Amino acid sequence: MRGLLGKDEALKMAGRVIDASPGDMTEVLIRGGVSRLTRFSDNYIHQNVSDSGHSLTVKVIFGKKIGTASTNSLDEDAVKDAIEAATRVAELQKPNEDFEGIPGPEPIPEVNTFFDSTYEFSPLDRAMGVKAITERAAAKGFKAAGAYSTGASELCIANSLGVRAYNRSTQAHLRTVVMSDTGSGYADALATDVKDIDPGLVARTAVEKCEASQNPQVVPAGEYEVILEPRAVADLLSYLVRGGFSASAVREGRSFLAGRLGEKIFTDLFSFWDDGLDPRGFPMPFDLEGVPKEKVIMVDKGVAKGLLYDWKSAKKEGKRSTGHGGFGGWGPMAANLFMAPGDSTVEEMIKNTKRGILVTRFHYTNMAHPMKVLVTGMTRDGTFLVEDGKVTKPVKNFRFTESALKVFGTMDMVGKELHRSGRSVVPAIHVPAFTFTGVTEF
Amino acid sequence: MRDLTSVALDVAKKLGASYADIRVVDKKQESVRTRNGNVESLGSSRSKGFGVRVLYDGAWGFSSSARITEDEVRRVAEEAVSIAKASATVKREKDVELAPVKPVTAKWKSECKIDPFSVKAEDKIALLLEADRLMRQNKGVRVASGNISSLREDKVFASTEGSYIEQVKTETGAGIDAMAADKGELQRRSYPTSAGGDFASRGWEFVEDMRLLDHAERVGNEAVALLTAKQCPQVVTDLVLDSSQLTLQIHESCGHPIELDRVFGQEASYAGTSFLTPEKQGTFQYGSPDVNIVADATIEGGLGSFGFDDEGVPAQRTTIVDKGIFKNYLSSRDTAAELGETSSGAMRADSWSRIPIIRMTNINLEPGDWTLDEIIKDTKEGILMETNKSWSIDDKRLNFQFGVEMAYEIKDGSIGDMLKNANYTGITYEFWRSCDAVANKDEWRLWGVPNCGKGEPGQVAHVGHGSAPARFRGVKVGVGKWQ
Ligand SMILES: [Zn+2]
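Residues numbered from 1 in each chain as written. Chains lettered and ligands numbered in written order. Predicted model: local features only at pLDDT ≥ 70, side-chain atom pairs only at ≥ 80, totals over all residues. Heavy atoms only, no water.

Draft legend 1. View of the domain arrangement of chain A. Residue and element names in this part refer to chain A. The domain boundaries assigned to chain A delineate domain 1 (7-205) and domain 2 (213-237 + 341-439). Between domain 1 and domain 2, the C-alpha centre-to-centre distance is 31 Å. With 13 residues of domain 1 at the interface, the matching set in domain 2 holds 13 residues. Where domain 1 abuts domain 2, roughly 980 Å² becomes buried across the two surfaces, and 42% of that area is made up of carbon and sulfur atoms. The tally of links between domain 1 and domain 2 comes to one salt bridge. Put simply, Asp188 and Arg231 hold a salt bridge, and the shortest N to O gap is 2.8 Å. Linking domain 1 with domain 2 are eight residue pairs in polar contact (both at pLDDT 80 or more). Looking at the side of domain 1 that touches domain 2, the elements with two or more residues in it are strand 5 (164-180) and strand 6 (183-191). Here the side of domain 1 that touches domain 2 gets eight residues from one element, more than from any other, and that element is strand 6. (Domains from an automatic or database assignment. Contact = heavy atoms within 4.5 Å. Buried area = accessible area lost by both parts, 1.4 Å probe. Salt bridge = Lys/Arg side-chain N within 4 Å of Asp/Glu carboxyl O. Polar contact = N/O pair within 3.5 Å; in protein donor to acceptor, adjacent residues only side chain to side chain. Helix = DSSP H or I, 4+ residues; strand = E, 2+ residues; numbered from the N terminus.)

Draft legend 2. Structural context of the coordination of the zinc ion. Residues and elements named next belong to chain B. The coordination sphere of the zinc ion, as far as protein atoms go, consists of His251 (NE2), His256 (NE2) and Cys452 (SG), spread over 2.0 to 2.4 Å. For the zinc ion, the single-chain donor residues occur in sequence as H-x4-H-x195-C. Given a relative accessible area of 5%, His251 falls into the buried group. (Donors = N, O, S within 2.8 Å, 3.2 Å for Na, K, Ca; no water. Buried < 20%, exposed > 50% of the residue type's maximum accessible area, 1.4 Å probe, protein only.)

Draft legend 3. Structural view of the sheet that holds strand 13 (residues 325-326) of chain B. Residues and elements named next belong to chain B. Taken together, four strands build an open sheet; the order of strands is 13-12-11-16 and the sheet is antiparallel. A single partner strand is all that each edge strand has here, and the edge strands are strand 13 and strand 16 (363-365). Helix-sheet contacts for helix 6 (residues 243-255) involve strand 11 (293-296), strand 12 (317-322) and strand 16, and the interaxial angle to strand 16 is about 120°. (Pairing = 2+ DSSP bridges. Axes fitted to C-alpha atoms, helices over the stretch in contact; angles between N-to-C directions.)

Draft legend 4. Layout of the packing of helix 4 (residues 123-139) of chain A against helix 5 (residues 199-212) of chain A. Residue and element names in this part refer to chain A. Between helix 4 and helix 5, the shortest axis-to-axis distance is 8 Å and the interhelical angle comes to 30°. What the angle tells us is that helix 4 and helix 5 run roughly parallel. Crossing angle aside, the handedness with which helix 4 passes helix 5 is right-handed. Note on element contacts: helix 5 touches helix 4 through Pro199, Val202, Ala203, Arg204 and Val207, opposite Gly129, Ala132, Ile133, Arg136 and Ala137. (Parallel < 35°, antiparallel > 145°, perpendicular 65-115°, else oblique. Left-handed = near helix turned anticlockwise from the far one by under 90°.)

Draft legend 5. Geometry of the sheet that holds strand 18 (residues 424-426) of chain A. Residue and element names in this part refer to chain A. Spatially, 10-9-8-11-18-17 is the arrangement adopted by the six strands of the open sheet, whose pairing is mixed. This sheet does not close on itself; its edge strands, each paired only once, are strand 10 (303-304) and strand 17 (419-421). Strand direction decides the pairing type here: strand 17 and strand 18, joined by three bridges, are antiparallel. Pairing of His419 across the sheet is with Val426, part of strand 18. The strands touched by helix 6 (residues 230-242) within the sheet are strand 8 (272-274), strand 9 (296-300), strand 11 (337-339), strand 17 and strand 18, with strand 18 carrying the most contacts at an inclination of about 120°.

Draft legend 6. Seen up close, the domain arrangement of chain B. Residue and element names in this part refer to chain B. Here chain B is partitioned into domain 1 (2-228) and domain 2 (231-477). Computed from C-alpha atoms alone, the centre-to-centre distance between domain 1 and domain 2 is 21 Å. With 55 residues of domain 1 at the interface, the matching set in domain 2 holds 50 residues. Taken together, the two surfaces of domain 1 and domain 2 that pack against each other cover about 4,100 Å², and 50% of this comes from carbon and sulfur. Our enumeration of links across domain 1 and domain 2 arrives at nine salt bridges.

Draft legend 7. Quick look at the nonpolar core. Ranked by internal contacts, the top residues of the largest apolar core, which has 54 residues, are Tyr286(B), Met385(B) and Tyr424(B). Among all residues touching Met385(B), those that are not within four sequence positions of it are Leu239(B), Val240(B), Leu241(B), Asp242(B), Gln245(B), Val404(B), Met406(B), Ala407(B), Ala422(B), Asn423(B), Tyr424(B) and Val477(B). If you look at the next biggest cluster of nonpolar residues, it comprises 52 residues, including Phe256(A), Met367(A), Val373(A) and Phe400(A). (Core = buried A, V, L, I, M, F, W, Y, C linked by side-chain atoms within 4.5 Å.)

Draft legend 8. The pairing of strand 1 (residues 25-41) of chain A, seen in detail. All names here are of chain A. Most of strand 1 sits inside the fold, with 15 of its 17 residues counted as buried. Relative to strand 2 (residues 44-62), strand 1 runs antiparallel, the two being bridged by 17 bridges. Note that in strand 2 the partner of Leu37 across the bridge is Val49. Between the end of strand 1 and the start of strand 2, which pair antiparallel, lie two residues, with Asp42 showing a positive phi angle near 55°.

Draft legend 9. Up close: the interface of chain B and chain A. Listed per partner, the contact involves 79 residues of chain B and 76 residues of chain A. Regarding the contact of chain B and chain A, the summed buried area is about 6,500 Å², with carbon and sulfur atoms giving 50% of it. If you sort the residues of chain B by the area they bury against chain A, Val90(B), Ser269(B) and Glu456(B) come out on top, with a joint share of 10%. The tally of links from chain B across to chain A stands at eight salt bridges. The salt bridge partner of Glu252(A) is Arg35(B), with a shortest N-O separation of 2.9 Å. Scanning the region where chain B abuts chain A turns up 43 residue pairs in polar contact (both at pLDDT 80 or more). The leading source of residues in the side of chain B that touches chain A is strand 2 (residues 38-56) of chain B, at ten residues. For the side of chain B that touches chain A, the class distribution of residues is 30 nonpolar, 26 polar and 23 charged. Pairing between strand 3 (residues 65-71) of chain A and strand 2 of chain B: four bridges, direction parallel. Residue pairing in the sheet places Thr71(A) in a bridge with Arg46(B) of strand 2 of chain B. (Nonpolar A, V, L, I, M, F, W, Y, C, P; charged D, E, K, R; others polar.)

Here is the structure:
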């Protein structure tokens, strides 16, 4: 397949690097593939790109001295240069007393994450999907902007202790903002198999949101009940996970969970976990250290249960890596989050709301304080006032400054339908009190 | 190299492209990262490849590859044309047009006194580990970290209009950072600024001039002192920003909304659009008469400086805001043509595998005639804020909220207590209209920002911002529930 090495070739190449390395230990990471993306705005395609390529990174280790080098050329000479560069650097290094070695081999589960349909999707196929959106938007006098991307990537991790891990996967994502001068609406769809993406549905959802969003009214900032649609939930959840559930962050005292594992911190309705094998997400059977992924239940019915470990943080505590390692030493990371569904529908949440705000998604969120998991950001592309159990009008976008601990600690309704948003699979939620601290002009 | 670039341009022309260009880029990077007395990573990377951009039937196509051979150049040029043909199936009535640019054959090189790649890794490590040790002399510091990075980019640009441009850019940057945490509180302090420090299109002399070791102990002490500092109050007050926080303020509330692709909705589904719509050009009161902003790609050493942009347009100095009035956009050849203008030369790609998009150059607030001391003496009640910590702004770039590492009360013209978790919020033009003092050129400083994200697939631009401390009247600070 053009643009992909395939399992045999990738593992062979990694093996050659390990054989050629003079290090006591050696790790190799090869990744790459093809990525194609069609972008549109003002109802026409304004950018349309394709790229393919790989990078090979080699880590050469002498005792506790480590050097890394990477190259995007897989030619024999370039790879040889990279091994030499990593070796030179390792020799110059000071021993890293924090180094805990590298993992040995473990059986890696099989998951199917590659679809030919996605790999073969052509620029014309993408243009057809785009057209479904732009025509529907134009028919209403709206302008659509967005992107349709498809890609196939492969990842190979190998080391001198015998780890030989390879996976290839495909991804497809169609997203759009449909807008007029007086309102906008967003919709998207994500899949490993592009056949699961329905451009007509994306178009209809975004156009309907845009229609409903016309001429938003100012509603003052303050504390409101909120209904957060799945994209907004996934956004907040990522802040909870980022520093909070990393074992090294907890050990270094920079997580809100430091000293609180086993405590009930959240509401009974809140359970979530990381599962690299669940096909409802974007499965990935091993991490960037080549360790198979374990399902980690991070919160079970409100109780903080599990942390994410990479090789180093596990060794430090005499535990097993859960398969959440990175390659650069940034500490353990979540990659496949799932939140437990509840038994409500968004319609029921609206019906149960006295005076509140329905949020389609957030924009430009950022951590204001990591220990309080205080997050700020804006609402965007479909924000509505709910009064006495009914959506009454679109409202101008709010700024919120609120703690994700409070959101997941107090939410009182959880959606029964799960949606894929980024790398997370989450429901909509209803929160009884959520703090909006400002309003913008649209 | 000319043989290869000609192959791409000839193939594209033969297949009917009305315009084509090719960029061949060879980029190498080296970085050292330390953490709590250890070298966390030490590595180098190299990336080479080329990208071909074509205009066919009034629509764009682009393809790229890491394999720089004649056959591959031919294949990629063909693919770019076939992608452009697909683009042409969903087209506006109006074809893409390019504002004129004079074809040139030129060479450009950034200033570099000491080649950062010639400095021994041992010396870089020793410098960072000593800074690390000094920061951790204060036992309250939980994590001390530091980094030094260098980059060299060799780039060739050729177009069917006859341009052939070779450019070499060297960049260097460094920074240190201390994190303290205790009893549910977590604070950071950095030098010279956060997010990896400061960067410039200069050599190793830039890192030497930072004098990291002179500041390391203070950085550690301030991180720990912040743990027990007073919480920033929730009030409306006068705000004085240091030049590093102003950098972020300019970046988010001026640099991004003046990008003409955003104005035309081309980034709508991702980064967003802009409140600075075309009818505002030349008349809109963006700020007070004290606010003068330029986009200047010609400043020596600026991280956003270059000889020519990635469409072969020469580097320029453009007035953005003149005595408070919004004057000009950052543009590309195709967006400028829509306004009947010429390109302001702001198209850059972050690698061979990406298309150029409109990026900031060095967006600078021009100096005024105060000193920071005079500004503080002249402020009855207010807050001084330093060094960015968090940032958020809406998708038209109006409602912003920024948090800083450290702040001080100002009372009756003097600096008072230290404040933690300080932030401020506002609406872009109301904020800039409230500016009534900008410090002078002696306190003006050019900063390099190496992490500006934009575009799909994502690109990271290296841009610059110059500014001197300034005062803003009646700003809402201390947003959020902090108790
Ligand atoms: Zn930016």
